[in-house]
Amino acid sequence: HRYTLFPYTTLFRSEPSRVNNCLWGRDATNAAWTKSNVTAGKTATGLDNVANSASRLTAAANDATLLQLLTAATGTRTTSVWIKRVSGSGTVSLTRNGGTGWTDITSSLVTGTWVPVALTSDVGANPTVGLKMGTSGDVIDVDCFQDENGAWRTSPILTTTAAVTRNADVLSYASAFDVTQGTSLCSIKSDVPHNTSDIYFLNGDSANARIGYLLSAVAKTTSYVYDGTSNTTAAGLSVTTNISKRASRWGPNLRVCADGTLGAQVAFDGSMGATATLYVGCSQASINHLSGNIGEVHVWNAPLTDAQMQQVTS
């Protein structure tokens, strides 16, 4: 028997809770933004394709700046913004320390196309974030300016007069699998950089039922299955740059298949957790989020053969 939880393409985006402390992230005309030699107008068509929802910036001199002093606790944080080059070819840079240091993001920009750019650092409490346009006369559109509590960029959290918290995404299914035998399959793509965080994309009711996960210190090509006693792995495509298909089997043994490549087979201790609740995109404790897209999710209450696991992940 097979449970088809998500049958086709990406239907769920899993993200952790984050707080955006950058105010008026779509409106650079607001007084929260300090402008030096920048003309700002809320006249750009934004990411949502709504007219006058984003801001157009024109540099009136070289090294024109748009800055905002934040109220934010110390810790690793990520500043991000969506930028579309309108005209010109000068440098554009980001800062999280009021311009003491600038990160050149020029090579990421595309004329006429929105692209996200980001800068992660820890510069202490209450940083000043913003951007600099190096050449007078250049024009860019900006949307969804964000400074969030985490080591990577997540999807836009819109703000006006106050910081906004986005709650974590948690999705679970009760009685979703047989704890004594079965096979899972899902397609995943993650935004979490290497060496930043463990990632759980399928998890049971406890730490003894890790059906599909990746470790922070291991390249994001390798996924694991763990029954509370033993684990085993398989390596496939990088989940940070590709849509990757991962299958895990438990009973009568443990095995992982990643993008058609089988990992080593090890003994199974006989039980994959206790309650058969399946958490999608995070651990049972609602942490270690995938922070990315999950597509098809299938669970078979029977162990697939090696050939079948290769077939469904290829």
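Residues numbered from 1 in each chain as written. Predicted model: local features only at pLDDT ≥ 70, side-chain atom pairs only at ≥ 80, totals over all residues. Heavy atoms only, no water.

Here's the deal with the sheet that holds strand E10 (residues 103-104)
Definition in use: The pairing criterion for strands is at least two bridges between them, as found by DSSP. The secondary structure listing takes helices from DSSP runs of H or I that are at least 4 residues long and strands from runs of E that are at least 2 residues long, numbered from the N terminus.
The antiparallel open sheet is built from five strands, whose spatial order is E4-E7-E12-E9-E10. The open sheet has two edge strands, strand E4 (34-36) and E10, and neither has a second partner. Where strand E9 (residues 92-95) and E10 come together, two bridges link them in antiparallel fashion. Across the sheet, residue Ser-93 finds its bridge partner in E10, namely Asp-104.

A word on the packing of aromatic side chains
For any pair of aromatic rings, geometry is given as the distance between the ring centres together with the angle between the planes. Using the following cut-off: The aromatic pairing rule takes the rings of Phe, Tyr and Trp, using the six-membered ring of Trp, and pairs them if the centres are within 6.5 Å, calling planes under 30 degrees apart stacked, those over 60 edge-to-face and the rest tilted. For every residue, the accessible area (1.4 Å probe, protein chains only) is compared with the maximum for its type, and the residue is labelled buried under 20%, exposed over 50%, or partly exposed between those bounds.
Scanning the entire structure with this criterion turns up four aromatic pairs. Between Trp-33 and Phe-145, the ring centres sit 4.9 Å apart and the planes meet at 55°, which makes this aromatic pair tilted. Of this pair, Trp-33 sits in the loop between strand E3 (18-20) and E4 while Phe-145 sits in strand E13 (residues 139-148), placing them 112 residues apart in sequence. In terms of burial, Trp-33 and Phe-145 fall into one category: buried. Taking the centre distance of 5.5 Å and the plane angle of 20° together, the rings of Tyr-200 and Tyr-213 count as stacked. Here Tyr-200 is found in strand E17 (residues 199-203), whereas its partner Tyr-213 is found in strand E18 (residues 210-214), with 13 residues between them in sequence. Here the aromatic cluster, defined as three or more aromatic residues joined through ring pairs, consists of Tyr-200, Tyr-213 and Tyr-224.

Notes on the pairing of strand E6 (residues 54-59)
Bridge count for strand E5 (residues 38-44) against E6 is five bridges, and the pairing is antiparallel. Bridging across to E6, Gly-41 finds its partner in Arg-56. By the bridge criterion, four bridges tie E6 to E13 in an arrangement that is antiparallel. Its bridge partner being in E13, Thr-58 is matched across the sheet by Val-139.

Concerning the nonpolar core
Nonpolar side chains in soluble globular proteins tend to end up buried together. So the rule is basically this: Among the buried residues, those of types Ala, Val, Leu, Ile, Met, Phe, Trp, Tyr and Cys that are joined through side-chain atoms within 4.5 Å form a nonpolar core. Any two residues whose heavy atoms approach within 4.5 Å at even a single point are treated as in contact.
Counting residues in hydrophobic clusters, the biggest one holds 30 residues, and the most contacted among them are Phe-177, Ile-188, Leu-202, Met-272 and Leu-278. Breaking this core down by element, the ones donating at least two residues are strand E16 (182-190), E17, E18, strand E22 (253-258), strand E25 (278-280) and strand E26 (292-300). Contacts of Ile-188, omitting those with residues within four sequence positions, involve Phe-201, Leu-214, Val-239, Asn-242, Ile-243, Ser-244, Arg-246, Leu-290, Asn-293 and Ile-294. Leu-109, Val-115, Leu-119 and Val-142 belong to the second-largest nonpolar core, a separate cluster that totals 25 residues.

So, the pattern of salt bridges
Going by this rule: Criterion for a salt bridge: a side-chain nitrogen of Lys or Arg within 4 Å of a carboxyl oxygen of Asp or Glu.
Enumeration according to the criterion identifies 14 salt bridges in this entry. Among the ionic pairs, Arg-18 bridges to Glu-148, the shortest N-O distance being 2.8 Å. Of this pair, Arg-18 sits in strand E3 while Glu-148 sits in strand E13, and the two are 130 residues apart along the sequence. When its relative accessible area of 3% is taken as the criterion, Arg-18 is described as buried. Linking Glu-296 and Lys-245 is a salt bridge whose minimum nitrogen-to-oxygen distance equals 3.1 Å. Residue Glu-296 is found in strand E26, and its partner Lys-245 is found in strand E21 (residues 244-250); the two are separated by 51 residues along the sequence. When its relative accessible area of 13% is taken as the criterion, Glu-296 is described as buried. One salt-bridge network, in which partners are shared between bridges, spans Arg-13, Glu-15, Arg-166 and Asp-191.

Section: the environment of Ser-314
This is how the line gets drawn: Contacts described as polar in this section are N or O atom pairs within 3.5 Å, which, within protein, must combine one atom able to donate a hydrogen with one able to accept it, while residues neighboring in sequence count only if both atoms come from side chains.
Its place among the elements puts Ser-314 in the segment after helix H1 (306-312). Residue class for Ser-314 comes out exposed when judged on its relative accessible area of 65%. Leave out the neighbours within four places in its chain, and Ser-314 touches Lys-245, Asp-259 and Gly-260. At 2.5 Å, the side chain of Ser-314 and the backbone oxygen of Gln-310 are in polar contact.

Notes on empty space enclosed by the protein
Over the atoms rolls a probe the size of a water molecule, and in doing so it shows where empty space is left. Our working rule: Grid spacing is 1 Å over the protein atoms alone, the probe is 1.4 Å, and a cavity is where that probe fits but cannot get out, while a pocket is an open set with protein on both sides within 12 Å along at least five of seven lines and lining residues have an atom within 4 Å of a point. Grid points are joined across faces, edges and corners, and a volume is the space filled by probe spheres set on the points. Under this grouping Gly is polar, as are all residues other than the nonpolar Ala, Val, Leu, Ile, Met, Phe, Trp, Tyr, Cys and Pro and the charged Asp, Glu, Lys and Arg.
Applying the stated criterion across every chain, the model contains one cavity of 30 Å³ or more. Of the voids in this model, the largest cavity is the one considered here, and its volume is about 40 Å³. Forming the walls of the largest cavity are Ser-80, Val-81, Trp-82, Pro-116, Cys-144, Gln-146, Arg-153, Thr-154 and Pro-156. Those elements that place two or more of their residues in the lining of the largest cavity are strand E8 (77-87) and E13. Considering each element in turn, the lining of the largest cavity owes the most residues, three residues, to E8. Here the lining of the largest cavity is built from residues that sort into five nonpolar, three polar and one charged.

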